[in-house]
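Spelled out from the first residue to the last, the chains are:
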Amino acid sequence: MSSRSLWSIVILLAGLAPGGVVAAAASGGPTFAVEDTMHTEVPEVLVSAPRVTLEEILERVERGEARRDSAITDQQFTATVRLVRDVVGSKPPKVQEESVWRVFRKRPDKLRTVRLREWSARPKKGADEGVEVEFSPGTGEQLINFAFRADARRDYRYRIVGRVIVGDHLVYRIAFEPRSAIDPAPSGVVWVDTNDFVIVRQEVSFRGSPVPLLIKGIPRMVVERQRAGEHWVLARAMVRIETTVPLPGMGRAFDFVIRYDDYRHNVGLDDALFAGDAR
Amino acid sequence: MSVAALLLSIALAAPADTALGQYLGGLADSTDQYFGISGVRPDTTSFDSLLAAGLANPNANRRRGISLAPGPWVAFNRVLGPLWGGSLTASTRSLGALEGKLGYADGPEIWMGGGEYRKTWSRPRRAARGYREEPDWSIAVRAGRFPGVMDPDRRETALAVARALIWGTDRQHYLRRDGVRASLTREDASLRLELAARDELESPEEVTTTWNLYRREPVVLFNLPARLARVRELGVEATTRIPWTPVWVELESRVADDAWGSDLTYTRLRVAAATELSIAGVAALITQGTLGRLEGRDIPQAAFFLGGATSLRSLPGWSLGGTRKALARLDLVTAPQLFEPLHLPPTLAFQLGAFGGIGAVWGDDPYGGPGTPEDEWPERNEWLSEAGASLLYRPGIPDPLGHIRFDWAWPIGPERGAGRFIVYYSRPIDLVRVPSP
């Protein structure tokens, strides 16, 4: 800091302090003082280790996500699928549809779902006419890492937008956007925990409407992960959609949410559980 | 001690995972404020007993074995006239879909239709060192009598049907196919591979219908007759992206041989390449080119055509044909965000474009002209070139990448006609069948 700027600060601080103003007025002119009783010196530290590059981070995220997936041999969780209408405007939000499922998965492609609740504000006639929910037998969670797969890297551009130290975790915020100027694919930001190099949160945004004819916009989409034992897994996927025309039973704006709770992993699910339902 | 150091010491003092959990929890809290009741935990009352009951009864949540979906089957062109019919699709998750179609073509006064079976196998991605994409495999088998278009490189679209019905601007040429065809397709984000075989009787069709809703005279009053023949053909098509480049390439080969009992013997080869480059994030430059070569005499239904949408747009569709083809095109398409300063409604996500192109067909002329030598490149004056401007609108459905295009195209060069205005629906890259994202 130059001496001129240092003096400027001192003058400014003196002027702002009530006492300073009084002292100056009493003596009939400005009074300057320099604090010389405290002295701090911070030694220079030369950092010679190379900073990890974005390319390295992307490769480690890809490997970290794959490692996360491969560590899960079987999985069970409770999934809540919810449609909420009137989320914009003066009316209070109202749950339109809700279904709750217990989902069982086992490598490589076994899937069993048990419906625990099916509720609709407008009940359908047939018992099977509720919300159609199709779960994947895979545990790769493409919803949160779709832009960080090897074959997606050529289609996206990435940049580091922030780093934060949380406990002994270094969390990187990495933004991604399609390379193409005309591709309607989403952009977004992910939070990467560099201890495991897994994505722990994602905020998705769209440069325009993905379906301009029907969708006015997607103001917000968030995908969250949680730690369940040793594994990072989906916690919530939430998206707000505003439509160009009111949709029957949903209005002009609605939230679509999938919530994942009560995980259990690698308990050795019996193959008999999936009898007749395996793919 | 500075405030930053104090905060850092507090953060380090907390258990690591707790600290990260609190950090993520803080972010989740702001999300909760935005989404409100949408993201709250459900009431779990009686879930345990419901789960026990569901596990005890494996069939409780199983969907019906077969779902049935009826639908219309309608078409219109100057050969079929109106085609009225319907379809019924029976599908199961594990066995695929079987679709039956039956319709009556009012022009030739014949019944058409048949059955088609389709099945796709998708597998979850496999985690290895990195993710390894598992391809989708699909099979399709079709049998029956169906209308077809003469140009093997293009398919009839709903927009073409609407144009024919409303204004009579129906330039495609048609034939009828009776028989069986099957295809096996492997597709992932980088490679699309298709093997196909067919055994079909291809029959010429005549113009039967000249009316349209605007009562205009149809722009084409004849239908290029196909050669009546039983065709037994094998085909292979591969589309892939050249590693480390943005270039897509496609190779297609179709072979029919009398040794297999085919009335026609030919080899049809087509190669194409396309690439899209972003220009400062505000526009895309799309470069495409294709070459075609047909070895075989007097086979209009295997010829290459030039003109119209996805070809040279200043030339009326299917104006020229030959046994050799070369076409190169350049399209500049702006990003939708370019219109943001105008504050248009999001629904009106228009884009602007400019384009140029050059192409030629030569060799045997399927329209009966004298033709030109096959083994020499065309004379300079036989190459046709164009330039034009576009207004594009991407509705997002049915194809997320598809645009409705309003193109004004002007021919370049002496003794070429006036400019043309055409409306059509296509992807920005339309000479290569890039796998769906």
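Residues numbered from 1 in each chain as written. Chains lettered and ligands numbered in written order. Predicted model: local features only at pLDDT ≥ 70, side-chain atom pairs only at ≥ 80, totals over all residues.

(A) Summary view of the overall build of chain A. Helix and strand counts for chain A stand at four helices and ten strands. Within the span of chain A, comprising 279 residues, buried residues form 34% of the whole. At a minimum sequence separation of 6, the contacts of chain A that also span at least 24 residues come to 52%. (Helix = DSSP H or I, 4+ residues; strand = E, 2+ residues; numbered from the N terminus. Buried ≥ 20, exposed ≤ 12 C-beta atoms within 10 Å, placed from the backbone. Contact = placed C-beta atoms within 7 Å.)

(B) Region of the structure containing the pairing of strand β11 (residues 229–241) of chain B. Residue and element names in this part refer to chain B. Relative to β11, strand β10 (residues 191–204) runs antiparallel, the two being bridged by twelve bridges. Within β11, the position partnered with Arg192 by the bridge is Thr239. Judged from the nine bridges that link them, β11 and strand β12 (residues 247–256) form a sheet pairing that is antiparallel. Bridge pairing in β12 links Val236 to Ser253. (Pairing = 2+ DSSP bridges.)

(C) The arrangement of the interface of chain B and chain A in detail. On the side of chain A, 65 residues touch chain B, which itself brings 64 residues to the contact. For the side of chain B that touches chain A, the secondary-structure elements that each account for two or more residues are α1 (3–13), α2 (16–35), α3 (47–56), β13 (266–279) and β14 (283–295) of chain B. Per-element accounting of the side of chain B that touches chain A gives the leading share, twelve residues, to α2(B). Class assignment of the residues belonging to the side of chain B that touches chain A gives a composition of 39 nonpolar, 15 polar and ten charged. (Nonpolar A, V, L, I, M, F, W, Y, C, P; charged D, E, K, R; others polar.)

(D) Fine view of unusual backbone geometry. Pro108(A) follows Arg107(A) through a cis peptide bond whose omega is 0°. Relative to the helices and strands, Pro108(A) resides in the loop between β2 (94–106) and β3 (110–120). Of note, the bond from Ile397(B) into Pro398(B) is cis; its omega dihedral lies within 30 degrees of zero at -5°. Note that Pro398(B) resides in the loop between β19 (384–393) and β20 (403–412). Positive phi values are uncommon outside glycine, yet Asn266(A) reaches one of about 50°. Along the chain, the position of Asn266(A) falls in the segment after β10 (251–265). Located in the positive-phi region is Ala280(B), a residue other than glycine, with phi close to 55°. Along the chain, Ala280(B) turns up in the loop between β13 and β14. What makes Ala280(B) exposed here is the crowd of 7 C-beta atoms within 10 Å.

(E) Structural view of the sheet that holds strand β7 (residues 198–205) of chain A. Read from one edge of the open sheet, ten strands run β3-β2-β1-β10-β9-β8-β7-β6-β5-β4 (chain A), paired in antiparallel fashion. Both edges of this open sheet fall to β3 and β4 (156–166) of chain A, since each of them pairs with a single strand only. Going across the sheet, the axis of each strand differs from the next one's by a mean of 15°, ignoring polarity. Where strand β5 (residues 169–178) of chain A meets strand β6 (residues 187–193) of chain A, six bridges bridge the pair, whose relative direction is antiparallel. Within β6(A), the position partnered with Tyr172(A) by the bridge is Val192(A). Across the face of the sheet, helix α3 (residues 54–70) of chain A comes into contact with β4, β5, β6, β7 and β9 (231–247) of chain A while running at roughly 110° to β7(A). The strands touched by α3(B) within the sheet are β2 and β3 of chain A, with β3(A) carrying the most contacts at an inclination of about 130°. (Axes fitted to C-alpha atoms, helices over the stretch in contact; angles between N-to-C directions.)

(F) Helix α4 (residues 158–166) of chain B, seen in detail. Residues and elements named next belong to chain B. For α4, the set of buried residues is Ala160, Arg163 and Ala164. Down the axis, α4 shows its buried residues gathered within 95° of arc, on one side only. Summarising the contacts, the buried residues of α4 are in contact with β2 (75–77). Of the residues flanking the end of α4, it is Gly168, one or two places downstream, whose phi is positive at about 75°. (Arc of directions from axis to C-beta.)

(G) Quick look at the environment of Val103(A). Residue and element names in this part refer to chain A. As for its position among the elements, Val103 is in strand β2. Spatially, the C-alpha atom of Val103 lies 7.1 Å from that of Ala79, the residues being 24 residues apart in sequence. For Val103, the residues in contact, after removing those within four places along its chain, are Gln76, Phe77, Ala79, Thr113 and Phe135.

(H) Seen up close, the nonpolar core. Val192(A), Ile199(A), Leu234(A) and Tyr260(A) are the most contacted members of the largest nonpolar core, which totals 41 residues. For Ile199(A), the residues in contact, after removing those within four places along its chain, are Val61(A), Glu65(A), Ile144(A), Asn145(A), Phe148(A), Val190(A), Trp191(A), Val192(A) and Arg225(A). Formed by 20 residues, the second largest nonpolar core is a distinct cluster that contains Val231(B), Leu294(B), Ile299(B) and Leu315(B). (Core = buried A, V, L, I, M, F, W, Y, C linked by C-beta atoms within 7 Å.)

(I) Up close: the pairing of β4(A). Residues and elements named next belong to chain A. Pairing between β4 and β5: ten bridges, direction antiparallel. Residue Tyr156 lies in a different strand from β5, and its bridge partner there is Pro178. Taking the residues that link successive antiparallel strands as the turn, the β4-β5 hairpin has two residues, and the phi of Gly167 there is positive, at about 60°.

(J) Spotlight on the confidence of the model for chain B. Residues and elements named next belong to chain B. Per-residue confidence for chain B gives a mean pLDDT of 90; residues scoring 70 or more make up 92%. The element-level mean pLDDT for chain B is lowest in α1, coming to 44, with β12 highest at 98. Both scores are available for the predicted complex, with the pTM at 0.82 and the ipTM at 0.82. (pLDDT = per-residue confidence, 0-100.)

(K) Highlighting the environment of Gly115(B). All names here are of chain B. Looking at the element boundaries, Gly115 is found in strand β5 (residues 110–121). Among the residues examined, Gly115 registers 15 C-beta atoms within 10 Å and is labelled partly exposed. Separated by 107 residues in the primary sequence, Gly115 and Phe222 place their C-alpha atoms 30 Å from one another. Apart from the residues within four sequence positions on either side, Gly115 is in contact with Leu98, Glu99, Gly100, Ala143 and Gly144.

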